[in-house]
Amino acid sequence: MPRYALRKTQKESPRVQPIVFFIDIDGTLTDGSYREKKMEEQGLVIGEYGDPKRVYPQGKQAFLEAFCNPELFSTDLTMVNAKEMIESIKSAMNYIEIHVFYVTARDSKHHHQTEQDLRERDLWIGGARLVCKPHSKAPKTVDYKVAVFAGIVNTLNPSSVVIIDNSQHILNGANRCFSTSFYSMIINTFITCTDALNWWKSYVTQLAG
């Protein structure tokens, strides 16, 4: 797992130790229902997202390559409260040291198009890092994301970690990884931006008080 050489943002009077946000894209920031429908029509997937019986008739790799076609990114809808969540993080950066990582299963070859789509939706945070999946190796998404989380946490040693991902499997994997005594930070996991936003507003209010 590569180490991430990051420059920590210098704050005049940081009130808390660094907080790291790991934010998923598909199904979390953007709604890819239209792309899912197109994949079903092309016979690349059978079953709803999250269904343990979901199958990929032509292989999962074929599904991912078609589903992550950059030409279809613009067909997504922005999820409820996604923009509000991003804006609230931006505002808090004025007095909290925050590092944001967009961690996605989209192929690394679509890195530029993915970042551009987030920027056009006003979902991009200056100074954030976008981490895409290297499909040349194609590990399982849970293993890939948890390895990314762990690598970055080991580098930054934050006081808190916030993960927003619509996959419960990802959240469960992260909780298992960070439940050992080796990690001392607080971990908060959320399925939706709405849940994360409600918690974050409360957290920031407590800090301000």
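Given the structure is predicted, the values throughout are model-derived calculations rather than measurements.

Cut-off values and rules
Residues numbered from 1 in each chain as written. Predicted model: local features only at pLDDT ≥ 70, side-chain atom pairs only at ≥ 80, totals over all residues. Heavy atoms only, no water. Helix = DSSP H or I, 4+ residues; strand = E, 2+ residues; numbered from the N terminus. Buried < 20%, exposed > 50% of the residue type's maximum accessible area, 1.4 Å probe, protein only. Contact = heavy atoms within 4.5 Å. Areas by Shrake-Rupley, 256 points an atom, 1.4 Å probe, with all protein chains shown as cover. 1 Å grid on protein atoms, 1.4 Å probe; cavity = no way out; pocket = protein on both sides within 12 Å on 5 of 7 lines; lining within 4 Å. Points joined across faces, edges and corners; volume = space filled by probe spheres on them. Nonpolar A, V, L, I, M, F, W, Y, C, P; charged D, E, K, R; others polar. Polar contact = N/O pair within 3.5 Å; in protein donor to acceptor, adjacent residues only side chain to side chain. Core = buried A, V, L, I, M, F, W, Y, C linked by side-chain atoms within 4.5 Å. Axes fitted to C-alpha atoms, helices over the stretch in contact; angles between N-to-C directions. Parallel < 35°, antiparallel > 145°, perpendicular 65-115°, else oblique. Left-handed = near helix turned anticlockwise from the far one by under 90°. Salt bridge = Lys/Arg side-chain N within 4 Å of Asp/Glu carboxyl O.

K.L.:
Honestly, the overall build of the protein chain in this entry has me stumped. Any pointers?
P.N.:
Broken down by element type, the protein chain carries seven helices and seven strands. Order of helices (α) and strands (β) in the protein chain, N terminus to C terminus: β-β-α-α-β-α-β-α-β-α-β-α-β-α. Relative to its 209 residues, the protein chain shows a buried fraction of 47%. The long-range fraction of contacts in the protein chain, counting pairs at least 24 apart against all pairs at least 6 apart in sequence, stands at 78%. By element, 49% of the accessible surface of the protein chain is carried by carbon and sulfur atoms, the whole surface being about 10,800 Å².

K.L.:
What is the right way to look at the layout of surface pockets in this model?
P.N.:
Taken as a whole, the largest pocket spans an internal volume of roughly 950 Å³. What lines the largest pocket is a set of 34 residues, among which Tyr49, Gly50, Arg54, Tyr56 and Lys60 lie closest to the centre. Those elements that provide at least two residues to the lining of the largest pocket are helix H1 (33–41), helix H2 (60–67), strand S4 (98–107), helix H5 (141–156) and helix H6 (168–178). Within the lining of the largest pocket, the residues separate by chemical class into eleven nonpolar, ten polar and 13 charged.

K.L.:
Can you walk me through the environment of Trp200 in this structure?
P.N.:
The topology assignment puts Trp200 in helix H7 (residues 193–208). Given a relative accessible area of 1%, Trp200 falls into the buried group. The spatial distance from the C-alpha of Trp200 to the C-alpha of Ile89 is 8.4 Å, given a sequence separation of 111 residues. Leave out the neighbours within four places in its chain, and Trp200 touches Ile19, Phe21, Met85, Ser88, Ile89, Ala92, Ile96 and Ile98.

K.L.:
Quick question: what am I supposed to make of the side chain of Arg35 here?
P.N.:
Tracing the chain through its elements places Arg35 in helix H1. Accessibility expressed as a relative area gives 0% for Arg35, which makes it buried. Here Phe67 takes part through its backbone oxygen, which lies 2.6 Å from a polar atom of the side chain of Arg35. Ignoring sequence-local partners within four residues, the contact set of Arg35 consists of Asp26, Phe67, Cys68, Leu72, Phe73, Thr75, Asp76 and Arg106.

K.L.:
Any chance you could explain the nonpolar core here in plain terms?
P.N.:
Looking at soluble globular proteins, one finds that nonpolar side chains tend to be buried together. One finds Phe21, Ile89, Val100, Tyr102 and Trp200 to be the most contacted residues of the largest nonpolar core, which totals 31 residues. At six residues, the largest contribution of residues to this core is made by H7. Aside from chain neighbours lying at most four places away, what touches Val100 is Phe21, Ile23, Ile89, Met93, Ile125, Ala128 and Arg129. By size, the runner-up hydrophobic cluster in this structure holds 22 residues, among which are Val103, Val153, Phe178 and Met185.

K.L.:
What am I meant to see in the packing of H1 against H2 here?
P.N.:
Angle between the axes and distance between the axes are the two parameters that describe a pair of packed helices. Across the interface, H1 lies against H2 with an axial gap of 10 Å and an inter-helix angle of 130°. Classed by the angle they form, the pair H1 and H2 counts as oblique. Remark: the crossing between H1 and H2 carries right-handed chirality. Of the residues in H2, those touching H1 at Arg35, Glu36 and Met39 are Phe63, Ala66 and Phe67. For the contact of H1 with H2, the class distribution of residues is four nonpolar, no polar and two charged.

K.L.:
So what exactly am I meant to see when it comes to unusual backbone geometry here?
P.N.:
For residues besides glycine, phi is generally negative; the peptide bonds are generally trans as well. Positioned with a positive phi, Asn81 is a non-glycine residue whose angle comes to about 70°. Note on placement: Asn81 falls in the loop between strand S3 (77–78) and helix H3 (82–92). Positioned with a positive phi, Asp122 is a non-glycine residue whose angle comes to about 60°. With respect to the helices, strands and loops of the structure, Asp122 is situated in the loop between helix H4 (111–120) and strand S5 (129–133). We classify Asp122 as partly exposed; its relative accessible area is 38%.

K.L.:
Just to check I follow, could you spell out the pattern of salt bridges for this structure?
P.N.:
If the charged atoms of two oppositely charged side chains come close together, the side chains can form a pair. Here the structure, examined in full by the defined rule, presents eleven salt bridges. With a closest N to O distance of 2.4 Å, Arg54 and Glu36 form a salt bridge. Of this pair, Arg54 sits in the loop between H1 and H2 while Glu36 sits in helix H1, and the two are 18 residues apart along the sequence. With relative accessibility at 11%, the residue Arg54 sits in the buried group. The exposure class of Glu36 is buried, given its relative accessible area of 15%. The residue Asp76 makes a salt bridge to Arg106 at a minimum N-O spacing of 3.9 Å.

Everything listed here is a matter of coordinates, which is why it stays silent on function.
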